[in-house]
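# Observations on the model geometry
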Amino acid sequence: MRYKRDTQCVHGAPERAYEDGVRSVSFPIYQTATFAHTKIEHGQFNYTRQDNPTRLHLEETVAALEEGADAIAFASGMVAIAAVFELLSPGDHVICSEDLYGGTTRYLNNVSAKNGVAVEFVDTTEIANVKAALRPQTKAIYLETPSNPMMNVTDIRACAALAHEAGALLIVDNTFLSPIFQRPLTLGADLVVHSGSKYLAGHNDTISGFVVAATKELGDAIRLTGKTTGGMLAPFDSWLVLRGIKTLALRMERVQKNALAIAKALKGNPHVKQVLYAGLPEHPAYALSRSQSDGFGGMISLRVDSAETAERVLTHVRVITFAESLGGTESLITYPLTQTHNDVPEEMRARLGITDTLLRLSVGIEDADDLIADLTQALGD
Ligand SMILES: *Cc1c(COP(=O)(O)O)cnc(C)c1O
């Protein structure tokens, strides 16, 4: 039986939940490196790098939420992303959104380039740019939507059609909306990646990552890389993410409600020049977002009137914490220029609008009034 998403978050993969015989309601942490054998052919579990029941329960939960054939849990979002790019070979070409998580841009510019993969960054919000960039060697299109930190939205269905016509894979980083608000595999994507450190774990207390595959074959290829290179998620961290996911649907609902209240309140602040949030009806991608997502999430970027204002906000917030990362119960504010996007080449940052007046806010589950009051006092008179 297929449960609704909110129930899936709480109960995980229910057929696995009671297999330990003692019927513990919280799934056990199998803190072991290896598993004993009773006969020559080995059973399902052999060695934790390869397979572990706690991790498998988490993987089945995430696969169900994303409506994928398989999900593989890694020790970080970056290891998950690296596993996806292991599918490419020297001479292959990949088209990427130009507005990506800074670590992904760093990976592509260093590791992929060194491995002979040609990486081309394009503004994927204009589908004509993606079409124009396709070459016979194009093996993948890689998107983040909404993007980080500019909150630009790319048409997932249109990119899937282009990719498949060209015999390429469509890969979507779904960290920002989580499967509660967006399920790219149902829109035609072949692979979804996540930083599980963000909304999935949800409490700013661990690092993890996922690849979710539309087909068993793609899942097997990613599992082979995981087992071979060894960046798999440990049993205890798997349990932390499982516990985080129990409240994922509730948290997403709350951060979205708070984000909309903050976006509306800040629009009228004299120090705020622009509020970037696709949940505002005047956002250029509002209609596209509604057509492919069930929500707008809890990430807002702000363009303030000067670098001094940006610095004042970062050093004067009290409820909100000035820290890198996103997607947790606590609201965090980030300075993309010197933090998340510091390794993005300067001319690219300038083109994208990642300047000294841009702030990024990950809205938490606190009371919206306290968050608005905090931002208002930090912005000053
Ligand atoms: C944080 C993040 C990553 C990297 O994940 P880690 O868990 O930090 O390795 C990738 N993509 C996005 C959108 C992120 O926010």
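It should be emphasised that the depicted structure is a prediction, and the values quoted were computed from it without experimental measurement.

Thresholds applied
- Residues numbered from 1 in each chain as written.
- Predicted model: local features only at pLDDT ≥ 70, side-chain atom pairs only at ≥ 80, totals over all residues.
- Heavy atoms only, no water.
- Near = heavy atom within 4 Å.
- Polar contact = N/O pair within 3.5 Å; in protein donor to acceptor, adjacent residues only side chain to side chain.
- Areas by Shrake-Rupley, 256 points an atom, 1.4 Å probe, with all protein chains shown as cover.
- Helix = DSSP H or I, 4+ residues; strand = E, 2+ residues; numbered from the N terminus.
- Nonpolar A, V, L, I, M, F, W, Y, C, P; charged D, E, K, R; others polar.
- Core = buried A, V, L, I, M, F, W, Y, C linked by side-chain atoms within 4.5 Å.
- Buried < 20%, exposed > 50% of the residue type's maximum accessible area, 1.4 Å probe, protein only.
- Contact = heavy atoms within 4.5 Å.
- Expected span 1.5 Å × (residues − 1).
- Pairing = 2+ DSSP bridges.
- Axes fitted to C-alpha atoms, helices over the stretch in contact; angles between N-to-C directions.

Neighbouring residues of the ligand: 14 residues in total, closest Gly77, Asp173, Ser195, Ser197 and Lys198. Take Ser195: an N or O atom from its side chain is 2.8 Å from an oxygen atom of the ligand. Measuring from an oxygen atom of the ligand, one finds a backbone N or O atom of Ser208 at 3.5 Å. Protein burial of the ligand: of its 380 Å² of free accessible surface, 94% is covered by the chains. Ranked by the residues each element gives to the shell around the ligand, the list is headed by helix H4 (residues 77-85), at 3 residues. When grouped by side-chain class, the residues that make up the shell around the ligand number 5 nonpolar, 6 polar and 3 charged.

Another point: the nonpolar core. Ranked by internal contacts, the top residues of the largest apolar core, which has 78 residues, are Leu58, Tyr142 and Leu170. The contacts of Leu58, once residues within four sequence positions are left out, are Ala73, Phe210, Leu233, Ser238, Val241, Leu242 and Ile245. Of all hydrophobic cores here, the second largest spans 30 residues; its members include Leu266, Val272, Leu371 and Ala378.

The next thing to look at is helix H3 (residues 53-66). Under the 1.5 Å per step criterion, the end-to-end length of H3 is 20 Å for 14 residues, consistent within 8% with the ideal 20 Å. Burial analysis of H3 places 12 of its 14 residues in the buried class, the great majority of the element. The opening residue of H3 is Asn52, an N-cap whose side-chain oxygen sits 2.9 Å from the backbone nitrogen of Thr54. Following H3 by one or two positions, Glu67 has its phi on the positive side, about 60°.

Glancing now at the sheet that holds strand S11 (residues 332-334). The strand order S8-S9-S12-S11-S10 describes an open sheet built from 5 strands, whose pairing is mixed. In this open sheet, the two strands that pair with only one neighbour each are strand S8 (272-276) and strand S10 (321-322). Here 4 bridges tie S8 to strand S9 (residues 299-304), and the two strands are oriented antiparallel to one another. Bridged to Leu276 within S9 is Ser301.

Further remarks concern the sheet that holds strand S7 (residues 209-213). The sheet built from 7 strands is open, its strands ordered S1-S7-S6-S5-S4-S2-S3 with mixed pairing. Edge positions in the open sheet fall to strand S1 (70-74) and strand S3 (118-122), since each of these has one partner strand only. Ignoring which end each strand starts from, the neighbouring axes of this sheet average 20° apart. Summarising the sheet, strand S2 (residues 93-97) and S3 pair through 5 bridges and their orientation is parallel. Bridge pairing links Val94 to Val119 in S3. Along the sheet face, helix H7 (residues 156-165) touches strand S4 (138-144) and strand S5 (169-173) and points at about 150° away from the line of S5.

Glycine aside, residues mostly have negative phi, and peptide bonds are mostly found in the trans state. A cis amide bond links Thr145 to the next residue, Pro146, at an omega of 0°. Counting through the fold element by element, Pro146 comes out in the loop between S4 and H7. Put simply, Asn148 and Pro149 share a cis peptide bond, and its omega is 5°. Structurally, the position occupied by Pro149 is in the loop between S4 and H7. Look at Glu67: it is not a glycine, yet its phi comes out positive at around 60°. Mapped onto the elements of the fold, Glu67 is located in the loop between H3 and S1. What makes Glu67 partly exposed here is its relative accessible area of 36%.

These values are about where atoms sit, not about what they do.
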